[in-house]
Amino acid sequence: MITDQQHANHRKNVLEATQEIVKEALEKLGYPDEMYELLKEPLRMLTVRIPVRMDDGSTKIFTGYRAQHNDAVGPTKGGIRFHPNVTEIEVKALSVWMSLKAGIVDLPYGGGKGGIICDPREMSFREIERLSRGYVRAISQIVGPTKDIPAPDVFTNSQIMAWMMDEYSRIDEFNSPGFITGKPLVLGGSHGRETATAKGVAIMIREAAAKKGITLEGARVVVQGFGNAGSFLSKFMHDLGAKVIAISDAYGALHDPNGLDIPYLLDRRDSFGTVTTLFKNTISNKELLELECDILVPAAIENQITEDNAHDIKASIVVEAANGPTTNEATKILAEREILIVPDVLASSGGVTVSYFEWVQNNQGYYWTEEEVHEKLEKVLVNSFNQVYQTAQTRNVDMRLAAYMVGVRKMAEASRFRGWV
Ligand SMILES: NC(=O)C1=CN([C@@H]2O[C@H](COP(=O)(O)OP(=O)(O)OC[C@H]3O[C@@H](n4cnc5c(N)ncnc54)[C@H](O)[C@@H]3O)[C@@H](O)[C@H]2O)C=CC1
Ligand SMILES: O=C(O)CCC(=O)C(=O)O
């Protein structure tokens, strides 16, 4: 018998998996092979080694990455991840996904992404600050408000963005709020950025549910991950009258078929999105994914829905708040089973959209109200959902391929006009 681990060992890595769909999308759009050769990898990939003085006086050397996928449309943009499982391959794939997101929501950006191999849950506040500042010093030559604009991702937050902005402003000898987004409001952050990814996912759920004839009031929702994306999404679903019956974090999952007390859990989670450790009756992340429900939202890490469990998913709609939670093989299985997938590059694009709004506000020095941000976000995302959904219908392709076709077009056209291909 082949075990899940053996399957995982044979699985394409996340970059190969995304390249496969980029290739198919470009072929469907009629671009030559050279375009695929250009877009299959980031244009630039910087690996840095960051020495950090730890609180006990020792020095630890961390490895970090910054990938810039394609800057034909404009500066590259994308978050920075602090996680023990960060790899060069993962950061490259994440940068490709950022280009696709920017294309889908029509932002004047290409995709970038950064990551540091570390576990901030086991570091002190000051160690995290020194690591954040060290990373900015190490990548400072290739980033900047008109080159590459970072933002938060897994296990990074507005405090880390603030340290990074401060460090960059010292190097640049200029106050540079537009260097990074996801900042605290008092440092030029935007209203609505903290909840933007979740707000966007909630909009996608509403649109997808309407297509499937599902009423959100009373709908059973399962959310994997209780960090920035998962916890606020759970709150939005709870406020809309849906029943959030399960949530999880890196340590396990909580399940109550009658609906969890989301405001209580939100109040008790820590800054890394951990809450299940406070409870005894937990289930596993694997069990959570296979629960009977209407809407499943993976909002944690990659490769959660695979060919091993895709047949056991019981949801009618899967909305991917996380980047890369479903393998290509699993996407095919879910599509055959007529489960509607709203793919990551569409579903999680609310975050980068409000990051773009933040950058625009920083550039103009004039700030919008929360209502203005939400109104603009709503328009962009509904339009993007409809474009992808219609492409899937008219071209008879699954939602992921449709999203890639919409997402890759602007970048390919910009590369062609620039004479790169
Ligand atoms: N924060 C943002 O604006 C955006 C985030 N995303 C994606 O959403 C996903 C979650 O990101 P955030 O909520 O920002 O991160 P976060 O750091 O706020 O929370 C991460 C959550 O995932 C859980 N987690 C970590 N490792 C896990 C594992 N091995 N198994 C199960 N759960 C695990 C953590 O316990 C935590 O609950 C990621 O894929 C990220 O790339 C996508 C777009 C924007
Ligand atoms: O807000 C941003 O600029 C990027 C967010 C991000 O990293 C993502 O969408 O995966």
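A brief report on the enclosed structure follows. This one's a predicted model, so the numbers in the text were calculated from it and none came from an experiment. (Residues numbered from 1 in each chain as written. Chains lettered and ligands numbered in written order. Predicted model: local features only at pLDDT ≥ 70, side-chain atom pairs only at ≥ 80, totals over all residues. Heavy atoms only, no water.)

**Observations regarding helix 7 (residues 196-212)**
So, point 1. Taking 1.5 Å of rise per residue, 17 residues should cover 24 Å, and helix 7 covers 24 Å from first to last C-alpha, within 8% of that figure.
So, point 2. Most of helix 7 is tucked away, with 12 of its 17 residues classed as buried.
So, point 3. For helix 7, the complete set of buried residues consists of A196, T197, A198, G200, V201, A202, I203, M204, I205, E207, A208 and A209.
So, point 4. Remark: G213 follows helix 7 within two positions and exhibits a positive phi of approximately 70 degrees. (Helix = DSSP H or I, 4+ residues; strand = E, 2+ residues; numbered from the N terminus. Expected span 1.5 Å × (residues − 1). Buried < 20%, exposed > 50% of the residue type's maximum accessible area, 1.4 Å probe, protein only.)

**Let's talk about the packing of helix 7 against helix 14 (residues 370-395)**
Between two packed helices, the angle of one axis relative to the other and the distance separating the axes together describe the packing.
So, point 1. Where helix 7 contacts helix 14, the two axes come as close as 10 Å, and the packing angle between them is 45 degrees. Compared by their axis directions, helix 7 and helix 14 come out oblique. Classified by chirality, the crossing of helix 14 by helix 7 is right-handed. When helix 7 is examined against helix 14, the residues A196, K199, G200, I203, M204, R206, E207, A208 and K211 are found in contact with a partner set consisting of H374, L377, E378, L381, V382, F385, N386 and Y389.
So, point 2. Taken together, the residues of the contact of helix 7 with helix 14 sort by class into 9 nonpolar, 3 polar and 5 charged. (Axes fitted to C-alpha atoms, helices over the stretch in contact; angles between N-to-C directions. Parallel < 35°, antiparallel > 145°, perpendicular 65-115°, else oblique. Left-handed = near helix turned anticlockwise from the far one by under 90°. Contact = heavy atoms within 4.5 Å. Nonpolar A, V, L, I, M, F, W, Y, C, P; charged D, E, K, R; others polar.)

**A short note on the packing of aromatic side chains**
So, point 1. A full pass over the atoms with the stated rule returns 9 aromatic pairs.
So, point 2. With centroids separated by 4.1 Å and ring planes inclined at 10 degrees, the aromatic side chains of Y168 and F179 adopt a geometry described as stacked. Taken together, the residues Y168 in helix 6 (residues 158-172) and F179 in the loop between helix 6 and helix 7 connect sequence positions 11 residues apart.
So, point 3. One aromatic cluster is present, formed by Y109, Y356, F357, W359 and W368 through successive ring pairs.
So, point 4. Directly above the aromatic system of Y36 lies the positively charged group of K23, at a separation of 5.4 Å from the ring centroid. (Phe/Tyr/Trp six-rings, centres within 6.5 Å; stacked < 30°, edge-to-face > 60°. Lys NZ or Arg CZ within 6 Å of the ring centre and 35° of its normal.)

**Quick look at the sheet that holds strand 4 (residues 110-117)**
So, point 1. Spatially, 1-2-4-3-5 is the arrangement adopted by the 5 strands of the open sheet, whose pairing is mixed. At either end of the open sheet lies a strand with only one pairing partner, and these are strand 1 (44-53) and strand 5 (148-152). Across the sheet, the axes of successive neighbouring strands diverge by a mean angle of 25 degrees, strand direction being ignored.
So, point 2. As defined by bridge partners, strand 3 (residues 76-83) adjoins strand 5 across 5 bridges and the pair is classed as parallel. Note that in strand 5 the partner of I80 across the bridge is P152. (Pairing = 2+ DSSP bridges.)

**Things to note about the sheet that holds strand 7 (residues 243-249)**
So, point 1. Strand order in the open sheet formed by 6 strands is 8-7-6-9-10-11, and the pairing between neighbours is mixed. Where the open sheet ends on each side, the last strands, each with one partner, are strand 8 (252-255) and strand 11 (340-342). Adjacent strand axes in the sheet meet at a mean angle of 15 degrees, parallel and antiparallel pairs treated alike.
So, point 2. Here strand 6 (residues 220-224) pairs with strand 7 via 4 bridges, running parallel.

**Re empty space enclosed by the protein**
So, point 1. Tallied over the entire structure, the rule returns 3 cavities of 30 Å³ or more.
So, point 2. Taken as a whole, the largest cavity spans an internal volume of roughly 140 Å³.
So, point 3. In terms of lining residues, the largest cavity is bounded by 16 residues, among which A17, W97, T326, T327 and N328 are the most central.
So, point 4. Counting residues per element, the lining of the largest cavity draws most heavily on helix 2 (residues 14-29), which supplies 4 residues.
So, point 5. Considered class by class, the residues forming the lining of the largest cavity number 5 nonpolar, 6 polar and 5 charged.
So, point 6. Approximately 60 Å³ is the volume found for the second largest cavity. (1 Å grid on protein atoms, 1.4 Å probe; cavity = no way out; pocket = protein on both sides within 12 Å on 5 of 7 lines; lining within 4 Å. Points joined across faces, edges and corners; volume = space filled by probe spheres on them.)

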